[in-house]
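Fold and geometry: a report
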Amino acid sequence: MIPYGRQTISDADIEAVVEVLRSDFLTQGPVVPAFEQAVADYCGAQYAVAVNSATSALHVACLALGVKAGDVVWTSPITFVASANCALYCGARVDFVDIDADTYNLSVACLAEKLACVETSGGLPKVVIVVHLAGQPCEMAAIHALSQRYGFNIIEDASHAIGAKYRGEVIGNGRYSDITIFSFHPVKIITSGEGGMALTNDAQLAKRMRLLRTHGITSDVADMTPRPAQELWFYQQITLGFNYRMTDIHAALGLSQMQRLDAFVSKRQGLAKQYDDLLSDLPIVTPWQHADNYSAFHLYIIRLKLDEIGQSQRHVFEALRADDIGVNLHYIPVYRQPYYRDLGFEPGYCPEAERYYSQAISLPLFPALTLAEQNQVVTALRRAIDL
Ligand SMILES: *Cc1c(COP(=O)(O)O)cnc(C)c1O
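Residues numbered from 1 in each chain as written. Predicted model: local features only at pLDDT ≥ 70, side-chain atom pairs only at ≥ 80, totals over all residues. Heavy atoms only, no water.

**Section: the overall build of the protein**
Per the secondary structure count, the protein includes 13 helices and 14 strands. Seen through its C-alpha atoms, the protein measures out along the principal axes to roughly 80 × 60 × 40 Å. The buried share of the protein, reckoned over its 387 residues, is 53%. A fraction of 73% describes how many contacts in the protein between residues 6 or more apart in sequence connect residues 24 or more apart. (Helix = DSSP H or I, 4+ residues; strand = E, 2+ residues; numbered from the N terminus. Buried < 20%, exposed > 50% of the residue type's maximum accessible area, 1.4 Å probe, protein only. Contact = heavy atoms within 4.5 Å.)

**Quick look at the site of the ligand**
In the vicinity of the ligand lie 15 residues, with Thr55, Asp157, His160, Ser183 and Lys188 positioned nearest. A distance of 2.5 Å separates an oxygen atom of the ligand from a polar atom in the side chain of Thr55. Between Tyr331 and the ligand, the recorded distance is 3.2 Å, taken from a side-chain N or O atom to an oxygen atom. Burial of the ligand by the surrounding chains reaches 93%, relative to a free accessible area of 380 Å². Every element with two or more residues in the shell around the ligand is listed here: α3 (54-64) and α4 (82-89). A per-class count over the shell around the ligand returns five nonpolar, eight polar and two charged. (Near = heavy atom within 4 Å. Polar contact = N/O pair within 3.5 Å; in protein donor to acceptor, adjacent residues only side chain to side chain. Areas by Shrake-Rupley, 256 points an atom, 1.4 Å probe, with all protein chains shown as cover. Nonpolar A, V, L, I, M, F, W, Y, C, P; charged D, E, K, R; others polar.)

**Concerning the sheet that holds strand β12 (residues 284-285)**
Spatial strand order, β12-β13-β14: three strands in an open sheet with antiparallel pairing. Only two strands of the sheet have a single neighbouring strand rather than two, namely β12 and β14 (360-363). Two strands pair when backbone bridges link them, and strand β13 (residues 300-304) and β14 are joined in this way by four bridges, in the antiparallel orientation. Bridge assignment links Ile302 to a residue of β14, and that residue is Ile361. (Pairing = 2+ DSSP bridges.)

**Details of the packing of aromatic side chains**
Taken as a whole and assessed by the stated rule, the structure comprises 14 aromatic pairs. Each ring, one from Tyr275 and one from Tyr300, has its centre 4.7 Å from the other, and the planes form 35°; the classification is tilted. Of this pair, Tyr275 sits in helix α9 (residues 261-278) while Tyr300 sits in strand β13, and the two are 25 residues apart along the sequence. Relative accessible area serves as the criterion here: at 0%, Tyr275 is assigned to the buried category. (Phe/Tyr/Trp six-rings, centres within 6.5 Å; stacked < 30°, edge-to-face > 60°.)

**Some remarks on the side chain of Ser192**
Relative to the elements of secondary structure, Ser192 occurs in the loop between β8 (179-183) and β9 (196-200). The class for Ser192 is buried, based on a relative accessible area of 1%. Of note is the side chain of Ser192, whose polar atom sits 2.8 Å from the backbone oxygen of Glu194. Apart from the residues within four sequence positions on either side, Ser192 is in contact with Phe184, Met246, His250, Leu253 and Gly254.

Shown next as structure tokens:
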């Protein structure tokens, strides 16, 4: 089976992990801050907070922005469930903004319309979580302008988009958002095994996220009330936090992978172009790219022109899987999940997301994918759609 995504591990990655294993600190040592600094420097952000997953990063990001019971958070329905669950963890409600027909990212037009619609009824979102689907940046300038007008905060779920550029600038610099989060799960652009990071230019947000990742405990006397005598053993828990720490073992892998980030993304870009060429005569839609942006190409998503293909999406999907092609569907609209159905959402809630869901298939894409494997995928696809 050719998987839809997989990690690329070098000898240098293995060396870096082994070095930590031989060192004094497996966790809370020097490698986590080094990894944080490397990502912050790469992205041009002031602060980076490493945690044990992007899911944890989304959780502490929402809490740092003050998301709580009574608030509502909006996100895209075409994302991994974690982009929505983080609001529920904070006791807030979630709502979904339909996607753009070309980019499959949250639609700015739908966002503007929905904001205007709820403005008078008091249902404005506290936070909007935008997702750079497949590594393609969202329309950040327009979304930021709406945030200024309606007074919401923005989290970029950039789990797919480390190494991507919006209008020539690296995603994660925080120009148009409060917090950007990355995932280092093995299928993502770079990996730390499991891991995530939250970037911000706001010192207070960074401080709150650091506190939340380690039980809400501080050893900084300036943050303690009442201020204790400065005994060496003293620490205080000043809020309710979690153990969301990243280990130095994971950070060593992530830090080592950072050195190949640009190479990984450029390899993905080249493979995507190759797919574009190989697939150009098929009745499918290949990924639309904005001329001013640079996608990290976490995913290569095609859409089947079902009116020109005499086969169902399900048939094509099953035929590809039967041919050992590890296709996938990113994603089932979140509101269709049984848990969200129980919260009151119905299938059909976002019409454009439904259309996308009925036609989309992710083809295998990862840096080590060979041209022979790409040809194998394309041959299988031709067979599946019976051409
Ligand atoms: C993978 C992913 C996450 C969660 O990442 P973890 O590191 O596995 O917690 C969140 N959002 C999106 C869009 C993702 O693809």
